[in-house]
Amino acid sequence: GAGVSQSPSNKVTEKGKDVELRCDPISGHTALYWYRQSLGQGLEFLIYFQGNSAPDKSGLPSDRFSAERTGGSVSTLTIQRTQQEDSAVYLCASSLVTEITEAFFGQGTRLTVV
Amino acid sequence: AQSVTQLGSHVSVSEGALVLLRCNYSSSVPPYLFWYVQYPNQGLQLLLKYTTGATLVKGINGFEAEFKKSETSFHLTKPSAHMSDAAEYFCAATNRNSGGYQKVTFGTGTKLQVIP
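The following paragraphs examine the structure supplied in this document. (Residues numbered from 1 in each chain as written. Chains lettered and ligands numbered in written order. Predicted model: local features only at pLDDT ≥ 70, side-chain atom pairs only at ≥ 80, totals over all residues. Heavy atoms only, no water.)

A few words on the overall build of chain B. Summing up its helical and strand segments, chain B has 0 helices and 12 strands in all. Taken from the N to the C terminus, the helices and strands of chain B come in the order β-β-β-β-β-β-β-β-β-β-β-β. Taken against the 2.2 N^0.38 rule, which gives 13 Å for 116 residues, the C-alpha radius of gyration of chain B at 14 Å falls within 12% of a compact globule. Projected onto its principal axes, the C-alpha coordinates of chain B cover approximately 50 × 30 × 20 Å. (Helix = DSSP H or I, 4+ residues; strand = E, 2+ residues; numbered from the N terminus. Rg over C-alpha atoms; globule rule 2.2 N^0.38 Å.)

As structure tokens, this is what we get:
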């Protein structure tokens, strides 16, 4: 696609439910990143994929958070048993790995846990 | 480990005044450096980047930044602020980490307010 696409753009869920957030990176971008941006906070790194593997998942805040990437393309971030503190904007970005270059961001998914 | 520090979470300037947003990095090797802008309810958009070569880089909307290796800085400037510049600005650095992977590290962001 022309840019990084994230869906849904908005998600409201009840506390305790599981949610899945999707990221479709730019075609050919091997690197994929997930970040979380809470209200008034900066960008919190969650996980980094190169291809289908995740060499750096150091930012996942708890074992309720997981992510996978299939076919070296689409990635899904899953949050199980959501809590109110999970409410944030979840941003996905992708980049090339053949050269050091900038990351391109999607518009984000705004998650609200009620 | 690589880190990026942005001094000042909020900066206010008058319309027409100089904009200066500070960014310092910590890296064992000179990184590639970026400034992104985020307008309300939008994703991040690249303003400018430094990779190699000329240390003064120009970006969109009249912004520029200068890489100063001796000061490990990459401050963002604009000579004259416009109301439309009100947004949040993020400095970022990237390099190959020990595993050979590129990892992007972001600062905590600076919200720019432009006062009419």
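Still more ground to cover, so stick around.
Ranked by internal contacts, the top residues of the largest apolar core, which has 27 residues, are Trp35, Leu48, Phe74, Leu76 and Tyr89 of chain B. Looking at this core, the element that brings in the most residues is strand S10 (residues 87-96) of chain B, giving 4 residues. (Core = buried A, V, L, I, M, F, W, Y, C linked by side-chain atoms within 4.5 Å. Buried < 20%, exposed > 50% of the residue type's maximum accessible area, 1.4 Å probe, protein only.)

Looking now at the packing of aromatic side chains. All names here are of chain B. Under the definition given, this model contains 12 aromatic pairs over all chains. Centroid distance Phe34 to Tyr36: 6.3 Å. Interplanar angle 45°. Geometry classified as tilted. When the centroid spacing of 4.4 Å and the interplanar angle of 20° are considered together, the rings of Tyr50 and Phe67 count as stacked. Within this pair, whereas Tyr50 is found in strand S6 (residues 44-50), its partner Phe67 is found in strand S8 (residues 64-68), the two being separated by 17 residues in sequence. For Tyr50, a relative accessible area of 9% puts it in the buried group. (Phe/Tyr/Trp six-rings, centres within 6.5 Å; stacked < 30°, edge-to-face > 60°.)

All quantities given are derived from atomic positions and should not be read as evidence of function.
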